[in-house]
Amino acid sequence: MTAKPRLAIFALTGCSGCQIALVDLKAELLEVLEKVALTKCSTLMDIKEFPEADITLLEGCVASEKDVAAVRQIRNRTGKLIPMGSCACFGGIPGMRNFFPVEAIMRRSFLESESTVDGRIPVGPRLPALIPHVRPVDQVVPVEGYIPGCPPTTTYLRAGLLNLLEGKAPDLSDKNLCSQCGRNHKKMTTTDFEFITETTFAPCELEEIDATLCFLEQGVPCLGLATRAGCEASCLKGNLPCRGCMGPTTDAFDQGAKWVNALASLLPAGSLSLMDDVPGLGYRFTLSMSAKQK
Amino acid sequence: MKKVGLFFCQAPCIEGPKFDLQYLADSYQDSAATVHVFHEMLSRSSIDTMVRLISTHKLDAVVLAGCSPEFIKSTIGGEALLEELMSSGVNPNMIFHANLREQCLLAHPKATEEVLFRKARALTDVALASASIYKPCEVIDEPPHRKVLVVGAGEAALLAAYHLVRNNLRVNIVHPFDDWRYASEYRSDMNLSRTKLEGSHLFNFRTATEVIDVAGWAGDYEVTLTREGESAKERYGAIIAAVGKDYPVFQHLWSLLQIDFNADGAPQARNQHTLATRSAVNGISIVLPSNAALSTDDQFRDQSLQAGSAAMDIMTLLYAPWMRHNVAVSRVASNECGLCRTCTKVCAFNACSIDERLKTSIVDIRRCKSCGNCVVACPAGARDLITNPTGHISKAIEIFQRARKPEETNIMAFLCAGCAYRAADAAGMDGHPYPAGLYPLKVVCGGRVDMQHILQAFETGFDGVLLGCCREGHCHNLVGHLYLDRRVVLIRNILESRGINPERLRILDISPHEGELFAKAAGEFTEEIQRMTKGEGR
Ligand code: SF4
Ligand code: SF4
Ligand code: SF4
Ligand code: SF4
Ligand code: SF4
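Quick caveat, the model's predicted, so the values are computed rather than measured.

Caption draft 1: Looking closely at the domain arrangement of chain B. All names here are of chain B. The assigned domain composition of chain B is domain 1 (1-137), domain 2 (147-318), domain 3 (328-370) and domain 4 (387-538). Each of domain 1 and domain 4 was reduced to a C-alpha centroid, and the two centroids are 24 Å apart. Taken together, the contacts link 24 residues of domain 1 with 30 residues of domain 4. Across the interface of domain 1 and domain 4, roughly 2,200 Å² is buried in total on both sides, 63% from carbon and sulfur atoms.

Caption draft 2: Region of the structure containing the side chain of Arg 448 of chain B. Residue and element names in this part refer to chain B. Residue placement: Arg 448 occurs in the loop between strand 22 (438-443) and helix 15 (451-459). On the basis of relative accessible area, Arg 448 is assigned to the buried category, the value being 0%. Not counting the four nearest positions on each side in its chain, Arg 448 is found in contact with Cys 371, Gly 372, Val 375, Val 376, Asp 384, Leu 385, Asn 388, Pro 389, Thr 390, Ile 393 and Val 443.

Caption draft 3: Structural context of the site of ligand 3. Inspection of the region around ligand 3 gives Leu 177, Thr 227, Cys 231, Cys 235, Leu 236, Cys 242, Arg 243, Gly 244, Cys 245 and Met 246 of chain A as its neighbouring residues. In terms of residue class, the shell around ligand 3 is built from seven nonpolar, two polar and one charged.

Caption draft 4: Structural view of the sheet that holds strand 1 (residues 6-11) of chain A. Residue and element names in this part refer to chain A. Spatially, the four strands line up as an open sheet ordered 2-1-3-5, and their pairing is parallel. The open sheet has two free edges, formed respectively by strand 2 (37-40) and strand 5 (78-84), since each of these has just one partner strand. With direction set aside, neighbouring strand axes in the sheet form an average angle of 25°. Inspection of the sheet shows strand 1 paired to strand 3 (residues 53-59) by five bridges, in the parallel sense. Bridged to Phe 10 within strand 3 is Leu 58. Packed onto the sheet, helix 3 (residues 65-77) meets strand 1, strand 3 and strand 5 and runs at close to 135° relative to strand 5.

Caption draft 5: Region of the structure containing the sheet that holds strand 21 (residues 411-416) of chain B. All names here are of chain B. Pairing within the open sheet is parallel, and its four strands lie in the order 22-21-23-24. Strands with a single pairing partner mark the edges of an open sheet, and in this sheet they are strand 22 and strand 24 (505-509). Within this sheet the neighbouring strands show an average axis-to-axis angle of 20°, counted without direction. Where strand 21 and strand 23 (residues 464-469) come together, five bridges link them in parallel fashion.

Caption draft 6: Inspection of the nonpolar core at higher detail. Membership of the largest hydrophobic core comes to 160 residues, with the highest contact counts inside it found for Leu 216 of chain A together with Phe 8, Leu 64, Phe 414 and Phe 518 of chain B. Take this core: its biggest share by element is 10 residues, from helix 6 (residues 113-133) of chain B. Each of two domains, domain 1 (1-137) and domain 4 (387-538) of chain B, supplies a minimum of three residues to this core. Sequence-distant contacts of Phe 414 of chain B, defined by excluding residues within four places in its chain, comprise Ile 393, Ile 397, Leu 441, Val 443, Val 449, His 453, Val 465, Leu 466, Leu 467 and Gly 468 of chain B. If you look at the next biggest cluster of nonpolar residues, it comprises 57 residues, including Val 243, Val 287, Leu 288 and Phe 300 of chain B.

The rules behind these values
- Residues numbered from 1 in each chain as written.
- Chains lettered and ligands numbered in written order.
- Predicted model: local features only at pLDDT ≥ 70, side-chain atom pairs only at ≥ 80, totals over all residues.
- Heavy atoms only, no water.
- Domains from an automatic or database assignment.
- Contact = heavy atoms within 4.5 Å.
- Buried area = accessible area lost by both parts, 1.4 Å probe.
- Helix = DSSP H or I, 4+ residues; strand = E, 2+ residues; numbered from the N terminus.
- Buried < 20%, exposed > 50% of the residue type's maximum accessible area, 1.4 Å probe, protein only.
- Near = heavy atom within 4 Å.
- Nonpolar A, V, L, I, M, F, W, Y, C, P; charged D, E, K, R; others polar.
- Pairing = 2+ DSSP bridges.
- Axes fitted to C-alpha atoms, helices over the stretch in contact; angles between N-to-C directions.
- Core = buried A, V, L, I, M, F, W, Y, C linked by side-chain atoms within 4.5 Å.

Right, dumping it as structure tokens:
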């Protein structure tokens, strides 16, 4: 009998949400675990060192010197390295700090935040130094595939894992999320030089959200059209617009810019730029893969 | 691997003490391309040599490094060259240009040889890169419909029709008025021509009729006409627009036919000297309004000469046994289309629709004008333009970025083919120099400028980005400029959020002949960026 592939789960800078999503597989996780030898997973077992592994699912982004060292070490000890979750794939939520210099972030977090009294910026030899810009894993070491999502849905995570165990890369759809959303369009179906709505809204500003109509047609910025399909439109099913956690599609290289290309042709650009935080919305998950600041 | 011919033209205007074209050509000796330097590209012997090289080396693509592609397209000699290249087997979408004359050597007369060489080499590299990224386009050969639509109510419309009918072409004149509108002095002569026309079974005339839509291509246009609220589609091989400024839907008709405008909003011929009644679009000829300062006699003479010339254009075209049409359209990768319907909303020509059965957006090749607006708008990146592919724009930015010297002020300029690119040509031709740190890239339309590429340019180190496009209301593609403006509003927010001064991105509205304005704007923009970047470091 051939030995079971060794699977390691490790976290860089993230929120552990992805690892929790894995545990959320519940009974199905047992099926998966039967097929592998789990060598590390901080939500399930207590192992400090990073062991050798055939497959590593890596959560979180590269945000500190410590992460850089860890990711290099993991790369050396791993057969297939797969970033799991949007932090690892694109920089994710923590990547939004790339809008600001590190000093500004530290000042804001430790000195200027409203709840701070007598704050000080922590320093010490045991605190990992932040690198100037958050990086997705593939900007530091090569990877063999991606399982995006913040966190990836359990179904998607399970499918990705099973693919890996069969020696394949996790599936990535080439389409945008609208293919899984299935909401209707009324105005966008024909040429019109005007915008489709007069102004834009946050979902909570609508008196009633039409659960069958595309959010854009209700004036709500939705990122689904610039986002890779794969989550089965989870947020849309909860009657909320997509925030783009699955990242850009195969042939788009910048999610925010691609979104702007489309959005500016649909919703009133002037009101969007005044009322909404376009950069924040467009790059909630992908800023650090987009701005390759040196 | 495609085989490429790299043909340099050493036309007298390029030769000069400062620039050694042979040296540039020699720098490509190690490349896979078949390199040849011609003394004068548009001469008979050069064309013969090119045709021979194409057949002996079995070339798939040709790069013409010399004068501007717009110059080549709009001159009789250039048109002949392109026709010969195509008939010797090069696909129309595989002919590329490095504009060394207008946009490099003539534009920077004071630049050092090092600067000129670097820029000329970059422009040539960009054209060469096309050969590996572009794909051949489909060509359709069809016999043309021998029927002409003439729009207009004046003497020119009538005379053009008269010539065409006498040459056995079927003609339909339409206009939105109740009656003819020619100057009364010539009424008897005009009435006579009209009587003759009306006696012919080839002629048809409809008043109170308007053109509301045009689809198709030279030899096979589908025109929608309305009369008293009823509309009907008809097929024509060609169209002559002979309408004055008093025409009620002048602007609209001009847009439908994709006619160019000059800075004053007057329509423009393809070449005002030699192709004075041809528009930029094959199969559409125009009779321009006469100069109002002329006497009535001279105006009449001008109109009748133009009518004759327009009729001649069309006859030459429609009497060919078959016509070739290049299917240059946007393409959809159906495995990537998620049916978001952005394209169906933004295409100004109603060329996009959703195939519910195949679950993909599809393109009507008879309507698509290859403007690229949907390609930019498609948030999935599922669309691309055969004549101006996304991959090549990215590649060009990369090549220019490597060519630039970081210590200089560098501007990445996206110039729309219809207006700004030609304005840059005019700057070179008319002796209005501008800084060599401006790297020009032709894009089919302002609506083709993808915000991803603007970010790419800034992120790879360009100091400024110039978006050159038409003047308001002159967009060939109706909405290219409009959507560019809308996108730029949002991309400025994004630049600002990244600490890039949004003033480093500029839109320049310009008409094709405004060379002086182009040079002035490029110079001022460069200076302003220098001031900005000095102040804030980036
Ligand atoms: S991707 Fe989302 S869930 Fe996963 S670690 Fe990052 S923030 Fe948490
Ligand atoms: S844009 Fe959003 S709401 Fe509209 S169809 Fe796409 S995913 Fe659904
Ligand atoms: S709908 Fe959008 S934000 Fe929500 S899970 Fe799917 S991709 Fe992520
Ligand atoms: S937007 Fe332009 S390129 Fe796209 S389908 Fe319409 S005409 Fe063609
Ligand atoms: S914009 Fe793109 S993804 Fe959306 S329907 Fe059109 S081709 Fe499909």
